[in-house]
Amino acid sequence: MTPTLLAPPAANRRHRGVLADRDFRLLYTADAAGRLGAQVSFLALPVLAQTVLHTGAAQVGVLSALGTVAFLIVGLPAGAWVDRMPKRTVLVAANLSRVALMGSIPVAWACGVLALQQLYVVVFLTGVATVFFDVAHLSYVPCLVGADRLVAANSRLAGLNQAADVSGRGVGGLVVQLLGPAAAVVVDALGFLWSAWWIARIRAVEPAPARRTAGPRLWVETAAGLRFVLGHPVLRALAVKGAVANLAIQLCQVSFVVLFTEELHLSAGMLGLLLSAGGVGGFLGALAASAAGRRLGHGRALWLVGAVTGPFALLTALMARGPMLWVGAAGWTVTLVQTGLANVLAVSTRQRVTPAAMLGRMNATFRFLLTGALSVGALLAGLIGTFAGVRAAICGGAVLIAAGWLVVFCSPLRNVRHLDELGT
């Protein structure tokens, strides 16, 4: 039996594009603002740490890990909390919290008191707010668009996310280069403020969260979400595949920062261009996801595209000043096509096979596992970079990316053509 998601839109809206709906447009616009700012600080914070506070590879790895380690600490119970609260309220509150936290960095820098310890604290607490935002966001989308338009909605949102990778990191590199990294952090704070304002304007009425006055304790509900994901053959395969991909990509991206600044002595603008190239690949993958799912089959597209594009990640280990820099950038662009595609097809699959009452906990479990993998990847980048060299870290990440498609190939998703074929 296919689980029932939140109430679908009225029949006369089913054949309209998702951007024709006012509330989805507001969420889409909010995402554009918030994700653009977040991608700018993705580059600005490690560059700030290296160029202003003179940190090394290990400290940059710790800083990157702290941005995601919150998912390991509060990621699982966050799902149970989100299932108990109005999703829109959570989204607005999380954004305003991130405004205050990120805004403290340029203030401290301007006053001459910025320290690495403050960066650590701010990045960790911002990560906590991001936990709640991401879990609530993933659980809110089915409420706005209904089960029949999940792939279309997620395609739009994933494409936007990848476009933010391109523009945000490219613009971030230029802002860092021209005005300094602290100015780029200001862009991040303003982006979160703009996002909160757009989300606050959404009018859609959510189903009231179930009252829990006599219900099970928080930890019992949290454990139920974890058991649901790990016990479901489709969700389990997607969780393992996503964790491997995130660890590998983070291993590469954190190492790119050190490679460009310490070994190749290239500017922040050039680093921004490389990361933007990956965003182009992800954007193309998100745009092609719906068509690939229709023509290749929903499950087959997930592993086949990865098998074709993954090996191109090996080219990034060859980057050097001159033509090989562009060869590596081209390889990274092709590699991340599979990421954009998976951000549509895998997320839609997760939302489709999960009952509405379990959405928050399912999404929290995935964020716990996937973003926890980012923390591990960042720490590994620092350790491998310190003891074996930054290129060894990039090679390790590239090999994992090249082989990651095997997880889906060996799962029940291998020959699935349509989401309707999936049951609980």
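First, a word on scope: everything that follows refers to the structure included in this document. As the structure is a prediction and not an experimental result, all values here were calculated from the model.

## Examining the overall build of the chain
Summing up its helical and strand segments, the chain has 15 helices and zero strands in all. Expressed as a percentage of its 424 residues, the buried residues of the chain come to 55%. Here the analysis covers contacts within the chain between residues at least 6 apart in sequence; of these, 88% occur between residues at least 24 apart. Accessible area for the chain stands at about 16,700 Å²; split by element, carbon and sulfur atoms hold 68% of it.

## Let's talk about the pattern of salt bridges
Overall, the coordinates contain four salt bridges when judged by the stated rule. Across the pair Asp 23 and Arg 22 runs a salt bridge whose closest N-O atoms are separated by 3.2 Å. Of the residues examined, Arg 22 reaches a relative accessible area of 27% and is grouped as partly exposed. Where Asp 134 meets Arg 367, a salt bridge forms, and the shortest distance between an N and an O atom there is 2.8 Å. With a gap of 233 residues between them, Asp 134 in helix H4 (residues 116-145) and Arg 367 in helix H13 (residues 359-387) connect regions that are remote in the sequence. Residue class for Asp 134 comes out buried when judged on its relative accessible area of 14%. Exposure remark for Arg 367: the relative accessible area of 22% places this residue in the partly exposed category.

## Points about the packing of aromatic side chains
Within this structure, the stated rule accounts for nine aromatic pairs. Taken together, a centroid distance of 5.7 Å and an interplanar angle of 80 degrees make the contact between Trp 194 and Trp 198 edge-to-face. One end of the pair is Trp 194 and the other is Trp 198, both in helix H6 (residues 181-200) and four residues apart, which spans about a single turn. Residue Trp 198 is classed as buried on the basis of its relative accessible area of 16%. Ring geometry for Phe 256 versus Trp 332: centroids 5.1 Å apart, planes at 85 degrees, classification edge-to-face. Here Trp 332 lies in helix H11 (residues 323-335) and Phe 256 lies in helix H8 (residues 233-263), a separation of 76 residues in the sequence. Here Phe 256 falls in the buried class, since its relative accessible area comes to 0%. By way of ring pairs, the aromatic residues Trp 194, Trp 197 and Trp 198 are connected into one cluster. Between the NZ or CZ atom of Arg 98 and the centre of the ring of Phe 133, over which it lies, the distance is 4.6 Å. Sitting over the face of the ring of Phe 409, Arg 414 holds its NZ or CZ atom 4.9 Å from the ring centroid.

## A short note on the environment of Thr 126
Along the polypeptide, Thr 126 turns up in helix H4. If sequence neighbours within four positions are ignored, Thr 126 has contacts with Arg 98, Leu 101 and Met 102.

## Side note on empty space enclosed by the protein
Any space left empty among the atoms is revealed by the rolling of a water-sized probe across them. In total, this model carries four cavities of 30 Å³ or more according to the counting rule given. The volume enclosed by the second largest cavity comes to roughly 60 Å³. What lines the second largest cavity is simply Lys 241, Ala 245, Ile 249, Thr 335, Leu 336, Gln 338, Thr 339, Leu 400, Ile 401, Gly 404 and Trp 405.

Cut-off values and rules
Residues numbered from 1 in each chain as written. Predicted model: local features only at pLDDT ≥ 70, side-chain atom pairs only at ≥ 80, totals over all residues. Heavy atoms only, no water. Helix = DSSP H or I, 4+ residues; strand = E, 2+ residues; numbered from the N terminus. Buried < 20%, exposed > 50% of the residue type's maximum accessible area, 1.4 Å probe, protein only. Contact = heavy atoms within 4.5 Å. Areas by Shrake-Rupley, 256 points an atom, 1.4 Å probe, with all protein chains shown as cover. Salt bridge = Lys/Arg side-chain N within 4 Å of Asp/Glu carboxyl O. Phe/Tyr/Trp six-rings, centres within 6.5 Å; stacked < 30°, edge-to-face > 60°. Lys NZ or Arg CZ within 6 Å of the ring centre and 35° of its normal. 1 Å grid on protein atoms, 1.4 Å probe; cavity = no way out; pocket = protein on both sides within 12 Å on 5 of 7 lines; lining within 4 Å. Points joined across faces, edges and corners; volume = space filled by probe spheres on them.

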